[in-house]
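Notes for the structure review
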Amino acid sequence: AKRKFPISIIKALFLLKKNNFQSVSFFGEGSQKKLIQEFNNLSYDIIFRGYIPREKLPVELDKHDVFIMISKKEAFGLVYLEAMNRGLITIAAKNEGMDGIIVNGENGFLVESGSSVQLSKVLELIQLMTENEKLKISKNAIQTAKLYSNKNVSNNYLDLIKNA
């Protein structure tokens, strides 16, 4: 969907001064596929994964290092937590549901929705990070995702009801 700004992701890659990314995968079906294909003159692959059933998503996510969804009008998205739970460095949009869960630079990154300029700056920052710095963000992301597991959220909800 256009509101997910897939073209902004491609534009961000064009803006990178140095590009160590080898491929970009797009998940889901959407009206932007043809437009994305027209931008496919980068020096790496753009892969369209299509619809992935929820139970197969972890295996697909494990093939990647970074998860980007900088959508506008996005509610709290479980897919962000699924990516974080797999240790992916996750980039989400500011003021679109993940603020407070993703702490910029600690367990992921936040950029303005659709901003290819801000996204390219974050991608450059990630490329310049040491493996230890990336690992720290990855571990923090996993810890954060665990806080929002079904079991923990259910227990927190029950505690709220008991204490009300």
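Residues numbered from 1 in each chain as written. Predicted model: local features only at pLDDT ≥ 70, side-chain atom pairs only at ≥ 80, totals over all residues. Heavy atoms only, no water.

Some words on the sheet that holds strand E4 (residues 89-93)
Where we set the bar: Pairing between strands is defined by DSSP: at least two bridges between them are needed. The secondary structure listing takes helices from DSSP runs of H or I that are at least 4 residues long and strands from runs of E that are at least 2 residues long, numbered from the N terminus. The axes used here are C-alpha line fits, helices contributing only the stretch in contact, and every angle between their N-to-C directions lies in the interval 0 to 180 degrees. Here, two residues are considered to be in contact whenever any of their heavy atoms come within 4.5 Å of each other.
Pairing is parallel in the open sheet, where three strands are placed in the order E3-E4-E5. Every interior strand has two partners, whereas the edge strands, strand E3 (66-69) and strand E5 (109-111), have only one. On average, each strand axis in the sheet is inclined to that of its neighbour by 20°, with strand direction left out of account. The pairing of E3 with E4 spans four bridges and is classified as parallel. Bridge pairing in E4 links Val 66 to Ile 89. In this fold helix H5 (residues 116-128) packs onto E3, E4 and E5, with an angle of close to 160° to the strand it touches most, E5.

Topic: the nonpolar core
Quick note on the threshold: Among buried residues, the Ala, Val, Leu, Ile, Met, Phe, Trp, Tyr and Cys ones that are joined through side-chain atoms within 4.5 Å form a nonpolar core. Under the scheme applied here, a residue whose accessible area is under 20% of the maximum for its type counts as buried, over 50% as exposed, and between as partly exposed, the area being computed with a 1.4 Å probe on protein chains only.
Phe 26, Ile 91, Phe 109, Leu 119, Leu 123 and Ile 126 are the most contacted members of the largest nonpolar core, which totals 23 residues. Among the secondary structure elements, those contributing two or more residues to this core are helix H1 (6-15), strand E1 (23-27), E4, E5 and H5. The element best represented in this core is H1, accounting for five residues. Discounting residues that sit within four places of it in the chain, Ile 126 has contacts with Ile 89, Ile 91, Phe 109 and Lys 134. Formed by 17 residues, the second largest nonpolar core is a distinct cluster that contains Leu 61, Leu 88, Ala 92 and Leu 110.

Scope: geometric values only; no functional claims are made or implied.
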